[in-house]
Amino acid sequence: MANIVDYIDWRGDVDFSISPFNEVDNIILCQISYLNFDGILESDFNRNGITLRELSERFVSSADFDIRSDLGAMLNKGTAALLPKLGESERFGSLRVSGYVSKIDSEAEEQFCAVTYTCDKGAASPWNVTVYRGTDDTIVGWKEDFNLGFMDIVPAQRDALIYAQSAMTALKGNFILCGHSKGGNLALYAAANLPEKLQRRLEAVYNNDGPGFPEDFFRRPQYLAIRNREHSFMPENSIVGMLFSHAEGFVTVESDGIGIMQHDPFTWHVQARNFVRLPDLNDQSKFIGKTVNEWFDELDREQKRQFVETVFGILEKTNATTNSELAENWMDNIMIMLKAMTHLDSKTREASWKTIQLLLKNAWENKDEFRRHR
């Protein structure tokens, strides 16, 4: 079945004026947002900024190309090769790229990155696509995702909204907000919290397997105002996307990945203008989502905070920094974690251990896939 690489081969010569921006275009731009453009892209917004073709040339010719191309175990190695294909294509090559912002603050537990693409070729008025970067295989990345479930606003959400407002103030035309993984959550958060005047310029928001929100988020007037412009997608074995609450109506995408590797957009099946759809998520995805969320919902806000700190404090004691490392020495790591939980009250200990068991089970079942992606 075809994937995003095949799509560029099929549709790369079709200009956006002939075939408008679609859900497959969205995930392609999300995927290249994981690349490190530090030092080769400016932070200013500029509709006359460098083209994606020029960005590709700068990236490939950079002295530290090998370092920039290494995205870790969970992000597909083909991402760096995807960029030149886009740059050479008629469809993507002339997009203007600007407003690149990337920051990591370990103390604040924030990882944030965004970039904006502008198209004014053959269009009556320019339109823009803002893409928010997601997380990867790192354990601190998982912790950031769990923080979304109990904090009113995490630092990355705050910066996502500020970024969208700045981009829409600086650039003319309508906007599309996109993101994969945590980036999908950031895109939806920013869209739902834009001032009404800016929301009117929002054409669509794409959330690709992003973790959810507290339930009341979907009852807020700000969200309801953009509900019909939301497009959410999850692979059939979604794990990240099953965290916390989601609005009804998301699309299930067919994938040939195994386990958590379905989070990788390269495994998603595509057609000429859209993803290949399935009726529903598979049973494993439903079970993990239902189980973790039920345990989490039983706790009050302070218990949730303690729960997250406990789970990831225990994981950190193993000295593993990724899920794949966690699976490599799983027997030793289990003993370390059991010892670390002896001081907890029974309710927190039970919820923490059950969650860790699910993460370990998933990592163990997919250890060969993690190795293959290194």
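Let me sum up the structure you'll find in this document. Computed from a prediction, not measured in an experiment: that's the story for all the values here. (Residues numbered from 1 in each chain as written. Predicted model: local features only at pLDDT ≥ 70, side-chain atom pairs only at ≥ 80, totals over all residues. Heavy atoms only, no water.)

**Describing the packing of aromatic side chains**
The full count for this structure, using the stated rule, is 20 aromatic pairs. With centroids separated by 6.3 Å and ring planes inclined at 10°, the aromatic side chains of Y206 and F233 adopt a geometry described as stacked. Separated by 27 residues along the polypeptide, Y206 in strand β5 (residues 202-208) and F233 in strand β6 (residues 230-235) bring together distant segments of the chain. By relative accessible area, which is 8% here, Y206 ends up buried. Chaining the aromatic ring pairs together yields one cluster made of F16, F21, F92, W127, Y206, F233, W268 and F275. (Phe/Tyr/Trp six-rings, centres within 6.5 Å; stacked < 30°, edge-to-face > 60°. Helix = DSSP H or I, 4+ residues; strand = E, 2+ residues; numbered from the N terminus. Buried < 20%, exposed > 50% of the residue type's maximum accessible area, 1.4 Å probe, protein only.)

**As for the side chain of S89**
Following the sequence through the fold, S89 ends up in the loop between α5 (79-88) and β1 (96-105). The class of S89 is buried, set by a relative accessible area of 6%. Apart from the residues lying within four places of it in its own chain, the contact partners of S89 are G12 and R53. (Contact = heavy atoms within 4.5 Å.)

**What to know about the sheet that holds β1**
Overall, mixed pairing links the eight strands, which are arranged β1-β2-β3-β4-β5-β6-β7-β8 in an open sheet. Of all strands in the sheet, those bounded by a partner on one side alone are β1 and β8 (277-278). Packing against the sheet, helix α7 (residues 155-170) makes contact with β1, β2 (110-119), β3 (127-132), β4 (174-180) and β5, and its axis sits at approximately 20° to β2. (Pairing = 2+ DSSP bridges. Axes fitted to C-alpha atoms, helices over the stretch in contact; angles between N-to-C directions.)

**Describing the pattern of salt bridges**
If charged atoms from side chains of opposite charge come close, those side chains can pair. A full pass over the atoms with the stated rule returns 14 salt bridges. R301 is paired through a salt bridge with D152; the nearest N and O atoms lie 3.0 Å apart. In this pair, R301 sits in helix α12 (residues 301-316) while D152 sits in the loop between α6 (139-147) and α7, placing the two residues 149 residues apart along the sequence. On the basis of relative accessible area, D152 is assigned to the exposed category, the value being 59%. (Salt bridge = Lys/Arg side-chain N within 4 Å of Asp/Glu carboxyl O.)

**Here we look at unusual backbone geometry**
The backbone phi angle of D209 is positive, close to 55°, even though this residue is not glycine. Mapped onto the fold, D209 is located in the loop between β5 and α10 (221-224). Non-glycine residue F244 carries a positive phi angle of around 70°. Turning to its location among the elements, F244 is positioned in the loop between β6 and β7 (251-253). The class of F244 is buried, set by a relative accessible area of 10%.

**Overview of the nonpolar core**
In terms of nonpolar packing, the biggest core is built from 49 residues, with I28 and Y117 touching the most fellow members. The leading source of residues in this core is helix α2 (residues 23-32), at six residues. If we ignore the near neighbours within four places in the chain, the residues touching I28 are I4, Y7, I8, L82, L86 and F92. Grouped together as the second largest cluster of nonpolar side chains are 48 residues, F112, A167, L186 and V240 included. (Core = buried A, V, L, I, M, F, W, Y, C linked by side-chain atoms within 4.5 Å.)

**Side note on the side chain of S33**
Inspection of the secondary structure assignment puts S33 in the loop between α2 and α3 (52-61). The class of S33 is buried, set by a relative accessible area of 3%.

**Concerning the pairing of β1**
Here β1 runs beside β2; their pairing, made up of eight bridges, is antiparallel. Counted as the bridge partner of V97 is Y117 from β2. Counted along the chain from β1 to the antiparallel partner β2, the turn is four residues long, and its residue E109 has a positive phi close to 55°.

Without other data, these values stay purely geometric and don't point to any function.
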